[in-house]
Amino acid sequence: MTGSSGTDVDDVREGPAQTTNTGGVGDPGCSLCHGLGYIRLDVPVGHPHFGKLFPCTCRMPAIQSQRDETLRSLGNLEALKRFTFDTFCPDGHGLSAERQRNLRAAYQEAVSFSQRLQGWLLLMGGYGCGKTHLAAAIANDALSRGIMPLFVTVPDLLDHLRASFSPEVAQSYGDRFEQVRTARLLILDDLGTENATPWALEKLFQLLNYRYMAALPTVI
């Protein structure tokens, strides 16, 4: 069955909650952890999960809410609420017939991607052609369906990651980077405008390579 860690494990059962002092962060009425918020899996000695604590299922809503709040604080979506598919003009203004066709094709691809949220979508074009509007429309559409996206410009993302190295920041770099790379929907705006230092290039490679291997929906 599936253990509370989210990993499929043979012959794993959720064992009785231990009396470990975890601060009581769970639901006091939970029959699994009795309010502790953590459980140990009933696995044999030598199993990779033996003796480890895992968040109880009663904490999942709170954990997801905290994760969503982190993504919201990292992203730039709050200022882009007005950018939706309804406010986008697929035919543009004063464009040639060819550019109108290209813009409408991009619009239709963005709508299609938003409906399925699978694979990757790359939007390319000159300044002011609507790339950010379409990307934000995808994010706002996902948000309206209860899916928390991470919409962020690449320079801002790198600044957030650098800042997490400071000892004054509550969330560690590892935790922050993990939340970014595993986001349900990641939208990177203005890729290519960042200061392309070796560190920045390495982080972007790690981020994009992870999402490619994990087949996570990504817009660039």
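Residues numbered from 1 in each chain as written. Predicted model: local features only at pLDDT ≥ 70, side-chain atom pairs only at ≥ 80, totals over all residues. Heavy atoms only, no water.

(A) Representation of helix 6 (residues 198–213). For helix 6, spanning 16 residues, the distance from its first C-alpha to its last is 22 Å, which sits close to the expected 22 Å at 1.5 Å a residue. Residues of helix 6 that are buried include every one of Ala200, Lys203, Leu204, Leu207, Leu208 and Arg211, and no others. Projected down its long axis, helix 6 carries its buried residues within an arc of 120°, all on one side. Turned more than 90 degrees away from the buried face of helix 6, the exposed residues are Pro198, Phe205, Tyr212 and Met213. Taken together, the buried residues of helix 6 touch strand 4 (120–121), helix 4 (154–163), helix 5 (173–181), strand 6 (185–189) and strand 7 (218–219). Where helix 6 ends, the next residue or the one after it, alanine 215, has phi of about 55°, a positive value. (Helix = DSSP H or I, 4+ residues; strand = E, 2+ residues; numbered from the N terminus. Expected span 1.5 Å × (residues − 1). Buried < 20%, exposed > 50% of the residue type's maximum accessible area, 1.4 Å probe, protein only. Arc of directions from axis to C-beta. Contact = heavy atoms within 4.5 Å.)

(B) Region of interest: the packing of aromatic side chains. As enumerated under the stated definition, the model contains four aromatic pairs in all. An angle of 10° between the planes, with centres 5.7 Å apart, marks the rings of tyrosine 173 and phenylalanine 177 as stacked. With tyrosine 173 and phenylalanine 177 both in helix 5 and four residues apart, the pair spans about one turn of that helix. By the burial criterion, tyrosine 173 is buried, and phenylalanine 177 matches it. Feature note: the residues Phe85, Phe88 and Tyr107 constitute an aromatic cluster, connected by ring pairs. Across the ring face of tyrosine 210, the terminal group of arginine 181 is positioned such that the distance to the ring centre comes to 4.1 Å. The residue whose ring lies beneath lysine 203 is phenylalanine 177, and the NZ or CZ to ring-centre distance is 5.9 Å. (Phe/Tyr/Trp six-rings, centres within 6.5 Å; stacked < 30°, edge-to-face > 60°. Lys NZ or Arg CZ within 6 Å of the ring centre and 35° of its normal.)

(C) Molecular detail of the pattern of salt bridges. Scanning the model with the defined rule gives four salt bridges in all. For the salt bridge of arginine 145 with aspartate 141, the shortest nitrogen-to-oxygen distance reads 3.1 Å. What makes arginine 145 partly exposed here is its relative accessible area of 41%. On the basis of relative accessible area, aspartate 141 is assigned to the partly exposed category, the value being 25%. (Salt bridge = Lys/Arg side-chain N within 4 Å of Asp/Glu carboxyl O.)

(D) Looking closely at unusual backbone geometry. The phi dihedral of leucine 117 is positive, around 45°, even though this residue is not glycine. For leucine 117, the location among the structural elements is in the loop between helix 2 (97–116) and strand 4. Residue class for leucine 117 comes out buried when judged on its relative accessible area of 5%. Within the chain, alanine 215 stands out as a residue other than glycine whose phi angle is a positive 55°. Note that alanine 215 resides in the loop between helix 6 and strand 7. Overall, the relative accessible area of 59% leaves alanine 215 in the exposed class.

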